[in-house]
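Structural overview
For reference, the chains in residue letters:
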Amino acid sequence: GAVVSQHPSWVICKSGTSVKIECRSLDFQATTMFWYRQFPKQSLMLMATSNEGSKATYEQGVEKDKFLINHASLTLSTLTVTSAHPEDSSFYICSARDPGPFQETQYFGPGTRLLVL
Amino acid sequence: KNEVEQSPQNLTAQEGEFITINCSYSVGISALHWLQQHPGGGIVSLFMLSSGKKKHGRLIATINIQEKHSSLHITASHPRDSAVYICAAHSGGGADGLTFGKGTHLIIQP
């Protein structure tokens, strides 16, 4: 099946620094990718929808200036957490939409665990 | 906005038992996903279905569109099935992401 990769899988950073997370679709082109966040013992929450070649669409309550999304190619979307703070520590997961020949589906990346000290 | 409810929240069973996890949603959908999340956080997509029933190995997923309800069944459960199972609804159209249930934490004891 289709594979979506994320890099890095783990990141620890100091408060105030910026962290970039990459999401790649490895064997299909994804015009749409999604970024989710999951706090401990909570369900995943959609943060934003990343569209290739256009601006991302952010969910209510997600600061677009803090969580910068760039979808520069059909196989790569990046999420940059700017001026990270401890409350941004979370598990960030991307998924990529594969339109498929018959049925659309979403494939999930393995996630990136961010710890801000 | 769709609301997705799962039950039970936690389930502990003995190896070999038949497992059922339920999911209900409030608004009509175009598809429903069942996902498996392992302790490390990685997510595997088990099924995507919009009607009827799908089977993959020991896993069976069913959906009743009229009742806005889906079930995930595991036959002959095994300790390696221990994980969090999440249902997620896709309302369809545009670029909407998924709406997730809170997950069912399943533990299969040997």
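Residues numbered from 1 in each chain as written. Chains lettered and ligands numbered in written order. Predicted model: local features only at pLDDT ≥ 70, side-chain atom pairs only at ≥ 80, totals over all residues. Heavy atoms only, no water.

Further remarks concern the pairing of strand β1 (residues 4–7) of chain B. Residue and element names in this part refer to chain B. Taking every second residue as pointing to the same face, the buried face of β1 carries V4 and Q6, while none of E5 and S7 on the other face is buried. The sheet contact formed by β1 and strand β3 (residues 19–25) spans four bridges and is antiparallel. Within β3, the residue paired with Q6 across the bridge is C23. (Buried < 20%, exposed > 50% of the residue type's maximum accessible area, 1.4 Å probe, protein only. Helix = DSSP H or I, 4+ residues; strand = E, 2+ residues; numbered from the N terminus. Pairing = 2+ DSSP bridges.)

Further remarks concern the sheet that holds strand β7 (residues 67–73) of chain A. All names here are of chain A. The antiparallel open sheet is built from four strands, whose spatial order is β1-β3-β8-β7. Each edge of the sheet is formed by a strand with only one pairing partner; in this case those strands are β1 (4–7) and β7. In this sheet, adjacent strand axes meet at a mean angle of 15 degrees when their direction is disregarded. Examined bridge by bridge, strand β3 (residues 19–25) and strand β8 (residues 76–81) share six bridges and lie antiparallel to one another. Pairing of R24 across the sheet is with L76, part of β8. (Axes fitted to C-alpha atoms, helices over the stretch in contact; angles between N-to-C directions.)

What follows deals with the state of the cysteines. Under the definition given, this model contains two disulfides over all chains. One disulfide in the model links C23 of chain A with C94 of chain A; its S-S distance is 2.0 Å. Here C23 of chain A and C94 of chain A share a disulfide; its torsion about the S-S bond, 80 degrees, makes the bridge right-handed. Here C23 of chain A is found in strand β3, whereas its partner C94 of chain A is found in strand β9 (residues 90–98), with 71 residues between them in sequence. In this model, C23 of chain B is linked to C87 of chain B through a disulfide, with the two sulfur atoms separated by 2.0 Å. In this structure the cystine formed by C23 of chain B and C87 of chain B twists about its S-S bond by roughly 75 degrees; its chirality is therefore right-handed. Separated by 64 residues along the polypeptide, C23 of chain B in strand β3 and C87 of chain B in strand β9 (residues 83–90) bring together distant segments of the chain. The closest cysteine sulfur to the non-disulfide-bonded C13 of chain A is located on C94 of chain A, 18 Å from its own sulfur. (Disulfide = S-S within 2.5 Å.)

Limitation: the analysis is restricted to geometry and does not speak to function.
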